[in-house]
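Letter by letter, the chains look like this.
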Amino acid sequence: MLLWLRRAARSYILQRRYYTADCASSSRYHNSHASLRSHVCGELRASHIGEDVKLCGWLHKPRLVSKRGPLFAPLKDHTGVIQLIAIKNEGLIAQLNQLPTESVVSVCGQVQLRPDQDRNTEMPTGDVEVFVNSVDVLNEASQDLPFSTADLSVPMEYRPLHLRKSGMQDTIRLRSKVSMAVRQFLEIMHGFVDIETPTLFKRTPEGAREFIVPTRTPGQFYSLTQSPQQFKQLLMVGGFDRYYQFARCYRDEDMKSDRQPEFTQIDLEMAFVTQEDIIALTEGLVYHIFMNTLPSYPQPKIPFPRLTHTKAIEMYNSDKPNIGREGFNFLWVTEFPLFTRCSTTGTLESSHHPFTAPHPEDESIVSTNPEKVRGLHYDLVCNGVELGGGSIRIHNAELQERILSDVLKVKDISVFSHLLKGLRMGCPPHGGIALGFDRLMAVLCGGVPLTDTIAFPKSARGHDLMCKAPSSLSQDVLDMYHISVNSKEN
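Just so you know, these numbers come straight off a predicted model, no measurement behind them.

Colleague: Kindly report on the overall build of the protein, identifying the contributing residues and their values.
Modeller: What the protein contains, in helices and strands, is 11 helices and 19 strands. For the protein, the spread of C-alpha atoms along the three principal axes comes to 90 × 60 × 45 Å. Residues classed as buried in the protein amount to 46% of the 490 residues present. Summed over its atoms, the accessible surface of the protein is roughly 24,900 Å², and 52% of this surface lies on carbon and sulfur atoms. Here the protein carries 53 positive and 55 negative side-chain charges, and the mean point of each set is 3 Å from the other.

Colleague: For helix α4 (residues 166–189), give the residues involved together with the corresponding values.
Modeller: Taking 1.5 Å of rise per residue, 24 residues should cover 34 Å, and α4 covers 33 Å from first to last C-alpha, within 8% of that figure. Among the residues of α4, Met168, Gln169, Asp170, Thr171, Leu174, Arg175, Val178, Ser179, Ala181, Val182, Phe185 and Leu186 are the ones counted as buried. In the segment just after α4, Gly191 is the residue with positive phi, at about 70°.

Colleague: Please give an account of the packing of aromatic side chains that cites residues and values.
Modeller: Overall, the coordinates contain 9 aromatic pairs when judged by the stated rule. Centroid distance Phe246 to Phe437: 5.2 Å. Interplanar angle 65°. Geometry classified as edge-to-face. Residue Phe246 is found in strand β11 (residues 242–250), and its partner Phe437 is found in helix α10 (residues 437–444); the two are separated by 191 residues along the sequence. With a relative accessible area of 16%, Phe246 lands in the buried category.

Colleague: Now, about the nonpolar core: what can you tell me, with residues and values included?
Modeller: Formed by 57 residues in total, the largest nonpolar core has its most connected members in Val178, Phe330 and Leu444. With near-sequence residues (within four places) excluded, Val178 lies in contact with Ile289, Thr293, Phe437, Leu440, Met441 and Leu444. If you look at the next biggest cluster of nonpolar residues, it comprises 22 residues, including Val53, Leu96, Val128 and Val130.

Colleague: Quick rundown of the sheet that holds strand β10 (residues 221–224)? Include the residues and the values.
Modeller: Taken in spatial order, the 3 strands line up as β8-β10-β9 in an open sheet, and their pairing is antiparallel. Looking along the sheet, the strands with just one partner apiece sit at the ends: β8 (200–201) and β9 (212–214). In this structure, β8 lies alongside β10, joined through 2 bridges in antiparallel fashion. The residue of β10 that forms the bridge with Phe201 is Ser223.

Colleague: Before we move on, could you go through the packing of α4 against helix α6 (residues 275–293) and cite the residues and values that matter?
Modeller: Two numbers describe how α4 lies on α6: the axes approach to 9 Å, and their chain directions differ by 135°. Regarding the angle of α4 to α6, the classification is oblique. Seen along the crossing, α4 lies across α6 with a hand that is right-handed. Contacts between α4 and α6 pair Leu174, Lys177, Val178, Ala181, Val182, Gln184, Phe185, Leu186 and Met189 from the former with Leu281, Gly284, Leu285, His288, Ile289, Asn292 and Thr293 from the latter. By residue class, the composition of the contact of α4 with α6 is 10 nonpolar, 5 polar and 1 charged.

Colleague: Give a detailed account of the sheet that holds strand β17 (residues 377–382), specifying residues and quantitative values.
Modeller: With mixed pairing, 8 strands are arranged side by side in an open sheet as β7-β11-β12-β19-β18-β17-β14-β13. Strands with a single pairing partner mark the edges of an open sheet, and in this sheet they are β7 (193–194) and β13 (306–308). Bridge analysis of β13 against strand β14 (residues 330–334) gives 3 bridges, and the strand direction is parallel. Within β14, the residue paired with Leu307 across the bridge is Val333. Where α4 meets the sheet, its contacts fall on β7, β11 and β12 (262–271), and the angle it forms with β11 comes to roughly 145°.

Colleague: Please provide a residue-by-residue account of a nonpolar patch on the surface, values included.
Modeller: Together, Tyr287, Met291 and Ile302 make up a nonpolar patch on the protein surface, roughly 260 Å² of accessible area in all. By the element assignment, Tyr287 lies in helix α6.

Colleague: So, the packing of α4 against α10: which residues are in play, and what are the values?
Modeller: Between two packed helices, the angle of one axis relative to the other and the distance separating the axes together describe the packing. For the pair α4 and α10, interaxial distance at closest approach is 11 Å and the crossing angle is 120°. Here α4 lies oblique to α10, going by the angle between them. The two elements α4 and α10 cross, and the hand of that crossing is right-handed. Taking contact as the criterion, the partners of Thr171, Leu174, Arg175, Val178 and Ser179 in α4 are, on α10, Phe437, Asp438, Leu440, Met441 and Leu444. Class assignment for the residues of the contact of α4 with α10 results in 6 nonpolar, 2 polar and 2 charged.

How each quantity is defined
- Residues numbered from 1 in each chain as written.
- Predicted model: local features only at pLDDT ≥ 70, side-chain atom pairs only at ≥ 80, totals over all residues.
- Heavy atoms only, no water.
- Helix = DSSP H or I, 4+ residues; strand = E, 2+ residues; numbered from the N terminus.
- Buried < 20%, exposed > 50% of the residue type's maximum accessible area, 1.4 Å probe, protein only.
- Areas by Shrake-Rupley, 256 points an atom, 1.4 Å probe, with all protein chains shown as cover.
- Lys, Arg positive; Asp, Glu negative; His and termini not counted.
- Charge placed at Lys NZ, Arg CZ, Asp CG, Glu CD.
- Expected span 1.5 Å × (residues − 1).
- Phe/Tyr/Trp six-rings, centres within 6.5 Å; stacked < 30°, edge-to-face > 60°.
- Core = buried A, V, L, I, M, F, W, Y, C linked by side-chain atoms within 4.5 Å.
- Contact = heavy atoms within 4.5 Å.
- Pairing = 2+ DSSP bridges.
- Axes fitted to C-alpha atoms, helices over the stretch in contact; angles between N-to-C directions.
- Parallel < 35°, antiparallel > 145°, perpendicular 65-115°, else oblique.
- Left-handed = near helix turned anticlockwise from the far one by under 90°.
- Nonpolar A, V, L, I, M, F, W, Y, C, P; charged D, E, K, R; others polar.
- Patch = residues over 30% accessible without salt bridge, like charges linked within 9 Å, V, L, I, M, F, W, Y side chains within 5 Å.
- Salt bridge = Lys/Arg side-chain N within 4 Å of Asp/Glu carboxyl O.

What follows is the structure in structure tokens.
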């Protein structure tokens, strides 16, 4: 199954390169009074033979046939690679041959047909080459650069080099295209409103560890939002009955291959809806993404199959089962337990989050038999990967307060006073879902590592190896924020 996905992803990548080359000839690249180039590397074809062109890009390792030439050198930009050829001009040949790999150059030359024996059918530009007349070095790369985009693996310390690789270019550009498709579907076709919510929040017990942000007021701290959950519920109170955003979320959790300390989710919430409404809308969104960004892929069939949590565990011993062998196998898992008992403390915890509504048939036993209560919670799974989850929310303040205090035993429910107050302002029935954008992209790209779907990811330990973060602070800064550091290492 993974092999099939990667073949499909490769098919998309080849199509994207031809598509990019076609688009490259548009006026956005040919603004003669503003651009340093007349064409981009990936657009040149036999139809350009005889044309004088000006190209910009990164020079790759040249191949010198003899001292007097010819010299062949690949020039690359985001659209692809074109072969340069320099003949007879010894000064030009020496200049190109001495430039370090990954130097940025501007090249003037003429497009010519390659000899039959030199044509490369693996390259969209493989029928032609550019006879170089002059080279202007825009920025010479370091001579001792330990890696280049030709290397199979480039460490995170050299992330900009890794981003130049064609595979990363394809993935990040597909991510942008998917983002546009999501916005088109939600905002233009379904009347959603894109609303930003705060990142600086306060600590509330929602399940995950939070990142703490000190302030210059002694003893006062922000925390970074785990998700926009409470804010989007308050937007429902505020009358924005169809909200969405590409939300940045932060969780100080132990790292796994499918988890980053900061990540993006496609976050949406709707008022006056049922679970069926949200599921149907999400299926339509997924279908729209495929139709508009991956038309050559087999399209997902909707409605997606469903399994209750109980059935999923019985049949697959997993709450995110892989139900197929090839293609994209989407599945809804529903009716999760509203509460689960912590294996270490023995206390009850929310299976999803404390704002999930109980199943109407089980609401009467929330206080008396909470472990038997099903939640109106639904997860979307694809090929064994949990892409996201959502629920119908509690919109009654009394029920929310009872769950927080009586069932979950939250010591101080005043930390939720803003939410409880909002529920008492006339809160409509509402629900929503959040899809992990990074995980979605990893699936769409054939099961690539999560770090290959993010421009600047963190390492397995949650560190930024390129910028060397997290880092220490000077004593002056620590004093400003009233922080005392315990130097004892764990």
